[in-house]
Amino acid sequence: MELNDNAHLTPIKIVRTLDNCYPKSRAVLDSITNTLNPRLAEKLQPTLYGNDTLRQIEINTAMSFYDDFHCKTNYIIADESLKLRRSDYYDTLLTMYSEEEIDQDGLFLRPRYQIGPLSKRTGLIYATIVFEKSFSFLSEKEQKRVMSEYFLTVVDRIAQRKKKLNYNFSRLISDFKHTLDWWIES
């Protein structure tokens, strides 16, 4: 994607990476698509935040799911202080669960947040937030509240990493928080 092609991008977009989630999360994910993203497009104003270096932060939601015995992914969130490499995930998971439990329950150890680099060509940053099975048992409003907290954490971490950019992250975060607060109550 060339810079001219994404001039219309909203500064933050939330993407559901899987359509198959635990049933109690479906309404929240539908609300992201049908309510939150349109509101972000309306309320976040790229011209108020800064230069064209950062065009969009795309936050992907990686949900745990269970379709049937053969198709399941239940995330276990890795302790960030361990600073695990991808190759360490399974061995670390084996210290927490037996091989049988891992296979039977479809367990995968992942960090809560994965934030990629800023693409200089497109101005995009991709981030992923991983949600464990227990998240889906919260009420719809509580799921929105927790998601909003995680979304803000991602944007705040990007702001800390990219503080040398000529970009008004504090205004973006304020506008984003205001929109998320509205979404939680909608």
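Bear in mind that the values here come from a model prediction, so they are computed numbers and not experimental data.

So, how was this worked out
- Residues numbered from 1 in each chain as written.
- Predicted model: local features only at pLDDT ≥ 70, side-chain atom pairs only at ≥ 80, totals over all residues.
- Heavy atoms only, no water.
- Core = buried A, V, L, I, M, F, W, Y, C linked by side-chain atoms within 4.5 Å.
- Buried < 20%, exposed > 50% of the residue type's maximum accessible area, 1.4 Å probe, protein only.
- Helix = DSSP H or I, 4+ residues; strand = E, 2+ residues; numbered from the N terminus.
- Contact = heavy atoms within 4.5 Å.
- Expected span 1.5 Å × (residues − 1).
- Phe/Tyr/Trp six-rings, centres within 6.5 Å; stacked < 30°, edge-to-face > 60°.
- Lys NZ or Arg CZ within 6 Å of the ring centre and 35° of its normal.
- 1 Å grid on protein atoms, 1.4 Å probe; cavity = no way out; pocket = protein on both sides within 12 Å on 5 of 7 lines; lining within 4 Å.
- Points joined across faces, edges and corners; volume = space filled by probe spheres on them.
- Nonpolar A, V, L, I, M, F, W, Y, C, P; charged D, E, K, R; others polar.

Student: What exactly am I supposed to notice about the nonpolar core here?
Tutor: Note that soluble globular proteins tend to have their nonpolar side chains buried in a common cluster. Ranked by size, the top nonpolar core spans 39 residues in total, and within it Ile12, Ile14, Ile59, Met147, Phe151, Leu172 and Phe176 carry the most contacts. Broken down by secondary-structure element, the contributors of at least two residues to this core are strand 1 (12-16), helix 1 (23-43), strand 2 (56-63), strand 6 (113-115), strand 7 (124-131), helix 4 (140-161) and helix 5 (169-185). Looking at this core element by element, the count peaks at 9 residues for helix 4. Non-local contacts of Ile12, meaning those with residues more than four positions away in its chain, are made with Leu40, Leu44, Gln56, Ile57, Ile59, Val155, Leu172 and Phe176.

Student: Hey, could you run me through helix 1 in this one?
Tutor: For the α-helix, the turn length of 3.6 residues means that residues three or four positions removed from each other point alike. Taking 1.5 Å per residue, 21 residues should reach 30 Å; helix 1 reaches 30 Å between its end C-alpha atoms and fits that length. Considered for burial, the residues of helix 1 that qualify are Ser25, Val28, Leu29, Ser31, Ile32, Leu36, Asn37 and Leu40. Those residues of helix 1 that are buried lie in contact with strand 1, strand 2, helix 4 and helix 5.

Student: Would you mind going over the environment of Val146 with me for this structure?
Tutor: Looking at the element boundaries, Val146 is found in helix 4. Each C-alpha atom of the pair Val146 and Phe135 lies 8.6 Å from the other, and the pair is 11 residues apart in sequence. Discounting chain neighbours no more than four positions away, the residues touching Val146 are Phe135 and Leu138.

Student: Please explain the packing of aromatic side chains as it appears in this structure.
Tutor: Each aromatic ring pair is described using two quantities: the centre-to-centre distance and the angle formed by the ring planes. Taken as a whole, this structure holds 6 aromatic pairs when the rule is applied. Judged by centre distance (6.1 Å) and plane angle (50 degrees), the ring pair of Tyr22 and Phe137 falls under tilted. Of this pair, Tyr22 sits in the loop between strand 1 and helix 1 while Phe137 sits in the loop between strand 7 and helix 4, and the two are 115 residues apart along the sequence. For the pair Tyr49 and Tyr167, a centre-to-centre distance of 6.2 Å together with 40 degrees between the ring planes defines the contact as tilted. Placement of the pair is Tyr49 in the loop between helix 1 and strand 2 and Tyr167 in the loop between helix 4 and helix 5, with a sequence separation of 118 residues. Taken together, the ring pairs connect Tyr113, Phe131, Phe135 and Tyr150 into an aromatic cluster. If you follow Arg39 out to its NZ or CZ, it ends over the ring of Trp182, 4.0 Å from the centre.

Student: I would appreciate a short explanation of the environment of Tyr22 in the present structure.
Tutor: Judged by its relative accessible area of 10%, Tyr22 falls in the buried class. Spatially, the C-alpha atom of Tyr22 lies 5.2 Å from that of Phe65, the residues being 43 residues apart in sequence. Not counting residues up to four positions away in its chain, the partners in contact with Tyr22 are Ser64, Phe65, Tyr66, Asn74, Lys133 and Ser136.

Student: Would you take a moment to explain helix 5 for this structure?
Tutor: Its 17 residues give helix 5 an end-to-end C-alpha distance of 24 Å, which sits within 8% of 24 Å, the value for a rise of 1.5 Å per residue. Buried residues along helix 5 sit in contact with strand 1, helix 1, strand 2 and helix 4.

Student: Quick question: what am I supposed to make of the layout of surface pockets here?
Tutor: In this approach a probe as big as a water molecule rolls over the atoms, and the regions it shows empty are the leftover space. The calculated volume of the largest pocket comes to roughly 180 Å³. Partitioning the lining of the largest pocket into residue classes produces 5 nonpolar, no polar and 4 charged.

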